[in-house]
Amino acid sequence: MTTGRRADARKARASFRVGYGQNVLRSNQSPSPKDPGMNHLLLDLKYHWAVFGLALFKPVVTLNGYPVPIRWGQNVIPVAPGAYHLHVHVPGILPPRVGNADLQVWVAQGQSVAVEYRAPVWSFSPGALGPAPQPWNGLAYQLALLGALLIPLILLLVLLGAVLVSIAN
């Protein structure tokens with residue numbers, strides 16, 4: 001019952017985009033209704049809201065070493081049946097490659113394989129690539145850094161408040 005709901009939810013999402021920049025699917029269509037022998041790699045690329053700056057960088061996807069033009073969000077890549085090496089990363093400043101992730105994908109005849117990539121929250125963590133849902137790598141590091149910055153600031157404010165109260169009395 002749950003897999004049926006997931007399939008319906010996937011169909012109800014906004015249009016997919018082919019790797020070559022052509023809109024080929026609408027929310028109520030299935031991949032390639034004209035060519036039943038065509039296979040697809042459904043690649044969903046996501047970033048966490050806390051690292052919204054990644055939206056400025058276009059992710060880099062290579063399939064068997066060849067670059068595939070894509071964008072953030074859902075992408076449909078037409079492929080032939082067989083084994084593929086999928087690599088995804090986001091170009092960055094420091095480090096130059098953020099969220100490196102690799103996956104071996106097997107596509108059978110007439111099959112569409114759904115894969116999800118989640119960019120890391122901490123730049124030095126690897127990305128997560130595989131069947132949905134994937135974890136947000138580096139979230140614990142980001143929260144630890146935030147805590148390390150906020151706790152001294154809160155203590156400083158409390159100390160400042162105590163000094164002001166003692167001066168006023």
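Above this text you will find the structure in question.
Below: a short report on this structure.

What counts and how
- Residues numbered from 1 in each chain as written.
- Predicted model: local features only at pLDDT ≥ 70, side-chain atom pairs only at ≥ 80, totals over all residues.
- Heavy atoms only, no water.
- Helix = DSSP H or I, 4+ residues; strand = E, 2+ residues; numbered from the N terminus.
- Buried < 20%, exposed > 50% of the residue type's maximum accessible area, 1.4 Å probe, protein only.
- Contact = heavy atoms within 4.5 Å.
- Phe/Tyr/Trp six-rings, centres within 6.5 Å; stacked < 30°, edge-to-face > 60°.
- Pairing = 2+ DSSP bridges.
- Salt bridge = Lys/Arg side-chain N within 4 Å of Asp/Glu carboxyl O.

## Let's talk about the overall build of the chain
Consideration 1: Scanning the chain for helices and strands turns up two helices and eight strands.
Consideration 2: Order of helices (α) and strands (β) in the chain, N terminus to C terminus: α-β-β-β-β-β-β-β-β-α.
Consideration 3: Here the chain holds 169 residues, and 32% of them are scored as buried.
Consideration 4: A separation of at least 24 residues holds for 52% of the contacts in the chain among residues at least 6 apart in sequence.

## Some points on the packing of aromatic side chains
Consideration 1: If you walk through the whole model with that rule in mind, you get three aromatic pairs.
Consideration 2: Where Tyr 47 meets Trp 72, the ring centres are 4.9 Å apart and the plane angle is 75 degrees; that geometry is what we call edge-to-face. Within this pair, whereas Tyr 47 is found in the loop between β1 (39-46) and β2 (60-63), its partner Trp 72 is found in the loop between β3 (66-68) and β4 (73-79), the two being separated by 25 residues in sequence.
Consideration 3: Classification of Tyr 47 by relative accessible area gives partly exposed; the value is 30%.
Consideration 4: For Trp 72, a relative accessible area of 14% translates into the label buried.
Consideration 5: Ring centres 6.2 Å apart and planes at 40 degrees place the aromatic pair Trp 122 and Tyr 141 in the tilted group. Linking Trp 122 in the loop between β7 (112-118) and β8 (128-130) with Tyr 141 in helix α2 (residues 139-168), this pair joins segments that are 19 residues apart in sequence.
Consideration 6: Its relative accessible area of 53% is what places Tyr 141 among the exposed residues.
Consideration 7: A network of ring pairs unites the aromatic residues Trp 122, Phe 124 and Tyr 141 as a single cluster.

## Comments concerning unusual backbone geometry
Consideration 1: In this structure, the amide linkage connecting Leu 94 to the following residue, Pro 95, adopts the cis form with an omega of 0 degrees.
Consideration 2: For Pro 95, the location among the structural elements is in the loop between β5 (82-91) and β6 (97-107).
Consideration 3: With omega at -5 degrees, the peptide bond leading from Ala 132 into Pro 133 counts as cis.
Consideration 4: One can find Pro 133 in the loop between β8 and α2.
Consideration 5: A positive phi angle is found at Asn 64, which is not glycine, with a value near 55 degrees.
Consideration 6: Here Asn 64 is to be found in the loop between β2 and β3.

## Details of the pairing of β7
Consideration 1: The element β7 is largely enclosed, with a buried count of five among its seven residues.
Consideration 2: Note that β1 and β7 share seven bridges and pair parallel. Counterpart to His 40 in the pairing with β7 is Ser 112.
Consideration 3: When β7 meets β8, the two strands line up antiparallel, connected through three bridges. Its bridge partner lying in β8, Tyr 117 is registered against Leu 129.

## Things to note about the pattern of salt bridges
Consideration 1: Scanning all chains against the criterion turns up three salt bridges.
Consideration 2: With a shortest N-O distance of 2.8 Å, Glu 116 and Lys 46 are connected by a salt bridge. Here Glu 116, found in strand β7, pairs with Lys 46, found in strand β1; they are 70 residues apart in sequence, far enough to count as distant.
Consideration 3: On the basis of relative accessibility, which here comes to 26%, the residue Lys 46 falls in the partly exposed class.
Consideration 4: Within this structure, Asp 44, Lys 46, Glu 116 and Arg 118 form a network of salt bridges that share partners.

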